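Here are the chains, one letter per residue:
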Amino acid sequence: MKGWRLGKKAAAVVLAAALLFPVIGGGNQANAFTAANADTAMNGFVNTFYDSSAKYFYTNSDHAIHTHASGPNGGLYTDFWWEAQLWETVMDAYERTGSSTYRTMIDDIYTGFNAKYTDMMTNPFNDDLGWWALACMRAYEITGTAEYRNRASFLFDQIYSFNDSTYGGGIWWKRDGTSPQKNMATNAPMVMTAIKLKNATGDTTYLTKATNIYNWMKSKLVSGSKVNDHVEGSGSGTVINWDFSYNYGTFLGAALAMYQATGTSSYLTDANNSANYVINNMTLSYSLMYEGEDDGAGFKMIFARNLNKLRVATGNATYLNFLQQNATQAFNHRRTSDNVIGSDWTGPTGTGFVQSLAAAAGASIMQFTPADNYTGNIAGNGTYEAENALKSGSIISESTQSGYTGRGYLAGWNSAGTVTFNVNQNSASTRTVTIRYAGGAGNSSRYISVNGTVVASNLSFPSTGSWGTWSTVTINLSLNAGYNKVIIGFDSSKGNSNYVNIDKISGL
């Protein structure tokens, strides 16, 4: 995952895949999550991104080179770990449809990848290699092709050789010794791969290795329901507690694999705790939050894919409802000109280029989530945590004061900046919206806009006396059916002033 962690001549190509995958629908149509919608989303993804001649996916929807240009042909094609995820998207589609076209693509993509990366071991990132090991085992389970199992076994052994006692155990992120850390992204997929290899080969040493890795992750990177990102530094190391949905997704996938391999109920508890943390804390009104472009755009795909495995294993109706609402949300916000889904499922996909990993995330959830045939918009639960919203300017996320809800609140705000909430409604209505805030520096004010129109230029937030004391203000907002953009902003020309911390908005 080097593009995210390290900050890593376009060609116009007519896709033969477009002949195999005609776009279904297009234009404005009734929104519904149905089997036909899943076809539409997958067809849009393949038609836009797949080069059937190279047997490889383009990085961007316009087939030009922009950011995240770390893949083959100068970044024209997706990089190492993205291609593994997109390969799994095709497997998602094959398992839903049984289509011979997707079955052929599984083999073709593997061939195309090996043509671009003739020696996988030149990649110094163990997590990149690990995503391919895991995907290869899934391909083996689907096809029975021994090559996939053998490649996975080889990669697993290579990665596991970087397991040592530093920080008490775990596998190093990088193989070349630079940027030394041990992270969830490297270790959790290896637990899942080890269990798959044990099931495929009968070799119980894989279970022993999976247990060792899991125990280290649980002791070092997990605190209650919180799944931390990595450990680094000297001595026993410093745990870095970044919240990313894919960390929770990979950990719950590892926990589920351990439960299914051993029957030990504590593993299932761990999986459910991880799943529920994201559902309860990393959403905007029940929709998975935006986590950025580049690598971050694919994080919710990994979470949702593993959550679906947990749903299947447990029959949990809450997980099914969550996945169905998110699938509908993603589909409703697709770009109808090409049926590509963007990186933020809570708002419309824009007219600019979309990255393949972001588009794959939306296509994938449509494949593995059972259709509910719901027609309409998704309003969610009406609560929007500010720390999960889009922000600009000097605003920061913080969690040092007590009494907040969710994962924290927004702070450090006394200059130009905005907090944007993508709000979706079932029908047009006027809502009494409650804004929860703290004003420890005295009285403050902000403007409120809805769909580009300022509806309150200088809304007052009276002092709460301290930053640990929370209060609320209310305002009536007229909202459209479907998508609305609600902004809380600072603009000194409107008289806005002073610091204020925003915790959440509700009543929508």
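All values reported here derive from a predicted model rather than from experimental measurement.

Conventions and cut-offs
Residues numbered from 1 in each chain as written. Predicted model: local features only at pLDDT ≥ 70, side-chain atom pairs only at ≥ 80, totals over all residues. Heavy atoms only, no water. Core = buried A, V, L, I, M, F, W, Y, C linked by side-chain atoms within 4.5 Å. Buried < 20%, exposed > 50% of the residue type's maximum accessible area, 1.4 Å probe, protein only. Helix = DSSP H or I, 4+ residues; strand = E, 2+ residues; numbered from the N terminus. Contact = heavy atoms within 4.5 Å. Phe/Tyr/Trp six-rings, centres within 6.5 Å; stacked < 30°, edge-to-face > 60°. Domains from an automatic or database assignment. Salt bridge = Lys/Arg side-chain N within 4 Å of Asp/Glu carboxyl O. Polar contact = N/O pair within 3.5 Å; in protein donor to acceptor, adjacent residues only side chain to side chain. Nonpolar A, V, L, I, M, F, W, Y, C, P; charged D, E, K, R; others polar. Pairing = 2+ DSSP bridges. Axes fitted to C-alpha atoms, helices over the stretch in contact; angles between N-to-C directions.

(A) View of the nonpolar core. Counting residues in each nonpolar core, the largest one holds 119 residues, and the members touching the most others are Phe-45, Trp-87, Trp-132 and Met-217. When residues of this core are assigned to their parent elements, the largest contribution, eleven residues, is made by helix H7 (residues 126–143). Contacts of Trp-132, omitting those with residues within four sequence positions, involve Phe-80, Glu-83, Ala-84, Trp-87, Tyr-110, Phe-113, Met-120 and Leu-155. Of all hydrophobic cores here, the second largest spans 29 residues; its members include Leu-284, Phe-461, Ile-475 and Phe-490.

(B) Seen up close, the packing of aromatic side chains. One pass over the full model with this rule turns up 30 aromatic pairs. On the basis of an interplanar angle of 25 degrees and a centroid distance of 5.2 Å, the ring pair of Phe-45 and Phe-57 is categorised as stacked. Taken as a pair, Phe-45 in helix H3 (residues 35–49) and Phe-57 in strand E2 (residues 56–57) lie far apart in primary sequence, twelve residues in all. Judged by its relative accessible area of 1%, Phe-45 is buried. Overall, the relative accessible area of 0% leaves Phe-57 in the buried class. Measuring from centroid to centroid gives 5.3 Å for Phe-244 and Phe-299, while their planes differ by 70 degrees, and the two rings are edge-to-face. Of the two residues, Phe-244 sits in the loop between strand E7 (238–240) and helix H11 (245–262) while Phe-299 sits in helix H13 (residues 299–314), which places them 55 residues apart along the sequence. Judged by its relative accessible area of 15%, Phe-244 is buried. The exposure class of Phe-299 is buried, given its relative accessible area of 0%.

(C) Local environment of the domain arrangement of the protein chain. In terms of domain boundaries, the protein chain breaks down into domain 1 (35–368) and domain 2 (384–506). Contacts between domain 1 and domain 2 engage 15 residues on the former and eleven residues on the latter. Across the salt bridge formed by Arg-407 and Asp-243, the nearest N and O atoms sit 3.4 Å from each other. Our count for the contact surface shared by domain 1 and domain 2 stands at eight residue pairs in polar contact (both at pLDDT 80 or more). Those elements that provide at least two residues to the side of domain 1 that touches domain 2 are helix H12 (265–281) and strand E8 (283–284). Its residues assigned to classes, the side of domain 1 that touches domain 2 comprises six nonpolar, seven polar and two charged.

(D) The arrangement of the sheet that holds strand E3 (residues 181–183) in detail. Taking strand neighbours across the sheet as the criterion, the three strands line up as E3-E6-E7 in an open arrangement whose pairing is antiparallel. For this open sheet the edge positions go to E3 and E7, each flanked by a neighbour on one side alone. For this sheet the average axis-to-axis angle between neighbouring strands, irrespective of direction, equals 25 degrees. Summarising the sheet, strand E6 (residues 230–232) and E7 pair through three bridges and their orientation is antiparallel. Counterpart to His-230 in the pairing with E7 is Ile-240. Its contacts with the sheet put helix H10 (residues 205–221) on E3, E6 and E7, and the angle it makes with E6 is roughly 75 degrees.

(E) Highlighting the sheet that holds strand E11 (residues 390–391). Strand order in this open sheet of five strands is E11-E14-E19-E16-E17, and the pairing throughout is antiparallel. Here the strands that pair on one side only, and so sit at the sheet edges, are E11 and strand E17 (453–461). Here two bridges tie E11 to strand E14 (residues 417–425), and the two strands are oriented antiparallel to one another. Bridging from a neighbouring strand, Leu-390 pairs with Thr-420 of E14.

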